[in-house]
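Next come the chains, spelled out residue by residue.
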Amino acid sequence: QADIAMYHTKDSGRNNYHFFNEAMHQRVQDRLNILSYLHEGLSKRQFELYYQPKIDLATGRIIGAEALIRWHHPVRGLITPDDFIPVAEQSGLIEEMGTWVVEEACRYCKQCEELGLIESDFTMAVNISPVQFSRGAITEVVDEALKKNGLAAQRLELELTESLLIDNSASIKRALLQLRKLGVELAIDDFGTGYSNLGYLKAFQVGVLKIDRSFISKILEAEQSRILVEAIIQVASRLNIKVVAEGVESQQMAEALFVLGCDQAQGFHWTRPLNAMKFEKYMRDHQREQRRNGGAPTLQA
Ligand code: C2E
Ligand code: MG
Ligand code: MG
Ligand code: MG
């Protein structure tokens, strides 16, 4: 971020060049630093999963959560995934990290089940990097994590990227169908930013589609975005694919999505991703709230 800022503030040719080089150098250095710290971070257990609830728009019930990785670096503090996932992917470290994420999410989901915090239709969604998917034995990793924790496969949902489907390789298709056979749900993350189409989804037995935040954030202002989102929702529903809106930040947005026929949503309007302790409190408060109003529909945060 800093290097881009510098680049924009200097206009005169020579300065520009000088700063650009420095920025590039800094970036390479940053990557190398991050990579060596990443190895250390994994062995020293500096990673943690946060959880963001997923809400059923018709009833206001929490029907799932998405697990999102966080890195607590002893010196640099909290680092968000956009700053280290790409490095983990390029270095191949994503395999080990991704395995940990799947295991930890399954373990924690089982714990929530035992604490009586989640209902029978609650699912835990986990992001899977396309790199991890094509390199590793993803089916075995998932199968083992479920068995080890005694978690039903129906509890787990894997969030995949559109690029994975476009690849259209036989081995990826095989892995996806194996996962479906296990009983795991498949979701396409950030839908609309890539170039896949709804036809792919059926062929790969994808049951959930998450519409990218960039469309959702514009539905109140831009007619175009609203039309697009509505069309996606309509086709998906005819194909029996559930639609989740990501990045819902206001009551107005939640209501607009509900009117458009969207099933589920997540976003800062309800809560930011929470660490395990705060997530548990959030779930308890929600249970109390649900009991109080007898499960009446509410879009209220
Ligand atoms: P994603 O899977 O699309 O996750 C949604 C991102 O949007 C999260 O950012 C979440 O904190 C953020 N978000 C949720 N609601 C709102 C909202 O209302 N407004 C705004 N502005 N943002 C919202 P986060 O946690 O920083 O994760 C970024 C990306 O990093 C994720 O995008 C995902 O692609 C990747 N990622 C996160 N955890 C993992 C992981 O365990 N494994 C892999 N492979 N990738 C991960
Ligand atoms: Mg996701
Ligand atoms: Mg997403
Ligand atoms: Mg995203």
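Small disclaimer: the values here were computed from a predicted structure and weren't measured. (Residues numbered from 1 in each chain as written. Chains lettered and ligands numbered in written order. Predicted model: local features only at pLDDT ≥ 70, side-chain atom pairs only at ≥ 80, totals over all residues. Heavy atoms only, no water.)

Trainee: I would appreciate a short explanation of the nonpolar core in the present structure.
Mentor: Across soluble globular proteins, you tend to see nonpolar side chains buried next to one another. If you look at the biggest cluster of nonpolar residues, it comprises 82 residues, and the most contacted ones within it are Leu38, Phe133 and Leu158. No other element matches the 9 residues that helix H4 (residues 94-114) contributes to this core. Beyond its immediate sequence surroundings of up to four residues, Phe133 is in contact with Ile128, Ile138, Leu160, Leu164, Ile172, Ala175, Leu176 and Leu179. (Core = buried A, V, L, I, M, F, W, Y, C linked by side-chain atoms within 4.5 Å. Buried < 20%, exposed > 50% of the residue type's maximum accessible area, 1.4 Å probe, protein only. Helix = DSSP H or I, 4+ residues; strand = E, 2+ residues; numbered from the N terminus. Contact = heavy atoms within 4.5 Å.)

Trainee: I'm lost on the packing of helix H6 (residues 138-149) against helix H8 (residues 170-182) in this one. Help?
Mentor: Between two packed helices, the angle of one axis relative to the other and the distance separating the axes together describe the packing. Axis separation between H6 and H8 bottoms out at 9 Å; the angle between their running directions is 15°. Taken as axis vectors, H6 and H8 run roughly parallel relative to one another. Between H6 and H8 lies a crossing of right-handed hand. Residue-level contacts link Ile138, Thr139, Val142 and Asp143 of H6 to Ala175, Gln178, Leu179 and Leu182 of H8. (Axes fitted to C-alpha atoms, helices over the stretch in contact; angles between N-to-C directions. Parallel < 35°, antiparallel > 145°, perpendicular 65-115°, else oblique. Left-handed = near helix turned anticlockwise from the far one by under 90°.)

Trainee: What's the story with the coordination of the magnesium ion (ligand 2) in this structure? I'm lost.
Mentor: Put simply, a metal with four donors set out as a tetrahedron has ideal angles of 109.5 degrees, and one with six donors set out as an octahedron has ideal angles of 90 or 180 degrees. Distances from the magnesium ion (ligand 2) to its protein donors, namely Glu66 (OE), Asn127 (OD1), Glu159 (OE) and Asp189 (OD), fall within the range 2.0 to 2.2 Å. Read N to C, the donor residues that coordinate the magnesium ion (ligand 2) are spaced as E-x60-N-x31-E-x29-D. For the pair the magnesium ion (ligand 2) and the magnesium ion (ligand 3), the metal-to-metal distance amounts to 3.8 Å, and Asp189 bridges them. Here the residue Asn127 occupies a position in strand E4 (residues 123-127), and Glu159 occupies one in strand E5 (residues 156-160), the gap between them amounting to 32 residues. Its relative accessible area of 1% is what places Glu159 among the buried residues. (Donors = N, O, S within 2.8 Å, 3.2 Å for Na, K, Ca; no water.)

Trainee: When you look at the pairing of E4 in this model, what are you seeing that I'm missing?
Mentor: Remark: a regular strand shows side chains that alternate across the two faces of the sheet. In terms of burial, E4 is a largely internal element, 4 of the 5 residues being buried. Bridge count for strand E2 (residues 62-73) against E4 is 4 bridges, and the pairing is parallel. Following the sheet pairing, Ala67 is matched in E4 by Val126. Taken together, the 4 bridges between E4 and E5 define a ladder with parallel strand orientation. In the strand pairing of E5, Asn127 is matched with Glu159. (Pairing = 2+ DSSP bridges.)

Trainee: How do you make sense of H4 when you look at a structure like this?
Mentor: Across its 21 residues, H4 extends 30 Å between first and last C-alpha, which sits within 8% of the 30 Å expected from 1.5 Å per residue. Phi turns positive, to about 70°, at Gly116, one or two residues after H4. (Expected span 1.5 Å × (residues − 1).)

Trainee: Even after reading the chapter, I still don't get the site of ligand 1, so can you show me in this structure?
Mentor: If you check the shell around ligand 1, you find 22 residues, and the closest are Arg70, Asn127, Asp189, Glu249 and Phe268. Measuring from a nitrogen atom of ligand 1, one finds a backbone N or O atom of Ile69 at 3.1 Å. Judged by the proximity of its atoms to the pocket grid, ligand 1 belongs to the largest pocket. For the shell around ligand 1, the secondary-structure elements that each account for two or more residues are E2 and strand E6 (185-191). When grouped by side-chain class, the residues that make up the shell around ligand 1 number 8 nonpolar, 5 polar and 9 charged. (Near = heavy atom within 4 Å. Polar contact = N/O pair within 3.5 Å; in protein donor to acceptor, adjacent residues only side chain to side chain. 1 Å grid on protein atoms, 1.4 Å probe; cavity = no way out; pocket = protein on both sides within 12 Å on 5 of 7 lines; lining within 4 Å. Sits in = over half its atoms within 2 Å of the grid points. Nonpolar A, V, L, I, M, F, W, Y, C, P; charged D, E, K, R; others polar.)

Purely spatial values, then, with no claim about function.
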